[in-house]
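Structural overview
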Amino acid sequence: MSDGFGIAKFMKALAEIACGATEPSLTPVWCRELLNARNPPRISRTHHEYEVENKAKGTMMIPLNDVVQRCFFFGPREVASLRSLVPKHLGRCTTFEVITACMWRCRIRALQLDPEDDVRFIYTININAKVNPPLPKGYYGNGFVLSAAVTTSRRLCENPFGYALELVKNAKSNVDEEYVRSTSDLIVVKGRPHQATTRSYLVSNTTRIGLDEVDFGWGKPIYGGPATGGMTSFPQMTSVYVSCKNHKGEHVIVVPISLPAKAMERFATELEGMLRHASQPIMGAHQGLMSFL
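Quick look at the structure, then.

Conventions used here
- Residues numbered from 1 in each chain as written.
- Predicted model: local features only at pLDDT ≥ 70, side-chain atom pairs only at ≥ 80, totals over all residues.
- Heavy atoms only, no water.
- Helix = DSSP H or I, 4+ residues; strand = E, 2+ residues; numbered from the N terminus.
- Contact = heavy atoms within 4.5 Å.
- Core = buried A, V, L, I, M, F, W, Y, C linked by side-chain atoms within 4.5 Å.
- Buried < 20%, exposed > 50% of the residue type's maximum accessible area, 1.4 Å probe, protein only.
- Salt bridge = Lys/Arg side-chain N within 4 Å of Asp/Glu carboxyl O.
- Axes fitted to C-alpha atoms, helices over the stretch in contact; angles between N-to-C directions.
- Parallel < 35°, antiparallel > 145°, perpendicular 65-115°, else oblique.
- Left-handed = near helix turned anticlockwise from the far one by under 90°.
- Nonpolar A, V, L, I, M, F, W, Y, C, P; charged D, E, K, R; others polar.
- Pairing = 2+ DSSP bridges.
- 1 Å grid on protein atoms, 1.4 Å probe; cavity = no way out; pocket = protein on both sides within 12 Å on 5 of 7 lines; lining within 4 Å.
- Points joined across faces, edges and corners; volume = space filled by probe spheres on them.

**What to know about the overall build of the protein**
Tallying secondary structure elements over the protein gives seven helices and eight strands in all. Sequence-distant contacts, at least 24 apart, represent 80% of the contacts inside the protein between residues at least 6 apart.

Below you can see the structure in the form of structure tokens.
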């Protein structure tokens, strides 16, 4: 019914009323017809995010009874370490891009898939800046599309970090208004598509939606974000990024991930290895990398 930005608008409206307002400062609107399919619908772009996964022999499903969740904190020091791995030809990269490329690569290495299995990075992209005219400010409904990058487990694991990073950047830059309209048309033509699991890594970035600023009259919250680390329908394949402050008062990005217990151990080892600079580890039990169940 609503995405992260819509939920944040709803929560802010409730907070205003709780603090004495008679109505929200931002009037909610419906306007779902703004995202209707075209007539006639036409699928004009490639949508890897909805492709059926291949069935290589190494493919496996993550058993729900063996999954643990841990949250990894990326502060200024961790992000700087990852940026030192960015090749010059990729130019400017956002913090989200470098963290996501790192998480995706470490996740696939930890799962130890068949080298020829297809693996996907899938990203939820807000479309407000992609469509003309933009969605109304009071639009509470879902306003995002999915975009994906596809490669093989071998290529992702064996190529340098810049390979994964370039795939992530391309998945983001691929989305424009035509892509948004093509997605709407695809859903009408093919029905709501099946989404890939296990070998796909779906990421949603909620660090800037403003839930950490909602004030019901008792002050700002200690935490603002989803109750669990992943989307309920796909707990084994998703990470919802949130923001918080560490013990130094620095803003950090919290990235939860769910994996089988043994794979989680391998993931933590892979991540620590990537975050080392020269021979000096930049993390420790009381530094930037933290985890909790």
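Let us keep going from here.
**Topic: the nonpolar core**
One recurring pattern in soluble globular proteins: nonpolar side chains tend to sit buried together. Of all hydrophobic cores here, the largest spans 55 residues; its most connected members are Phe74, Val98, Ile99, Met103, Trp104, Tyr241 and Phe267. The greatest single-element share of this core, amounting to 11 residues, is contributed by helix α3 (residues 95–111). Setting aside its immediate chain neighbours within four residues, Phe267 contacts Phe72, Met103, Cys106, Arg107, Ala110, Ile257 and Leu259. Membership of the second largest hydrophobic core comes to seven residues, among which are Ile122, Leu146, Ala148 and Leu202.

**Some details on the pattern of salt bridges**
It is possible for side chains bearing opposite charge to pair when their charged atoms get close. Tallied over the full model, the rule gives 12 salt bridges. The partner of Glu116 in a salt bridge is Arg154, and the shortest N-O contact between them spans 2.7 Å. Here Glu116 is found in the loop between α3 and β2 (118–126), whereas its partner Arg154 is found in helix α4 (residues 153–158), with 38 residues between them in sequence. Arg154 is the salt-bridge partner of Glu158, the closest N and O atoms lying 3.8 Å from each other.

**Brief notes about the packing of α3 against helix α5 (residues 161–173)**
Where α3 contacts α5, the two axes come as close as 9 Å, and the packing angle between them is 120°. Judged by the inter-axis angle, α3 sits oblique to α5. Note that α3 runs across α5; the crossing there is right-handed. Note on element contacts: α5 touches α3 through Phe161, Ala164, Leu165, Leu167, Val168, Lys169 and Lys172, opposite Phe96, Glu97, Val98, Thr100, Ala101, Cys102, Trp104 and Arg105. For the contact of α3 with α5, the residue count by class is 10 nonpolar, one polar and four charged.

**Details of the sheet that holds strand β1 (residues 67–74)**
With mixed pairing, six strands are arranged side by side in an open sheet as β1-β6-β5-β4-β2-β3. Sheet topology places β1 and β3 (144–152) at the edges, where each strand pairs with a single neighbour. Ignoring which end each strand starts from, the neighbouring axes of this sheet average 25° apart. Of the strand pairs in this sheet, strand β4 (residues 200–205) and strand β5 (residues 238–245) are connected by four bridges, and their pairing is parallel. Among the inter-strand pairings, Asn205 is bridged to a residue of β5, identified as Tyr241.

**Digging into empty space enclosed by the protein**
In this structure the tally under the stated criterion is one cavity of 30 Å³ or more. Counted as a void, the largest cavity has a volume near 40 Å³. Taken together, Thr206, Thr207, Arg208, Ile209, Gly210, Leu211, Asp212, Gly224 and Ser243 make up the lining of the largest cavity. Split into classes, the residues belonging to the lining of the largest cavity amount to two nonpolar, five polar and two charged.

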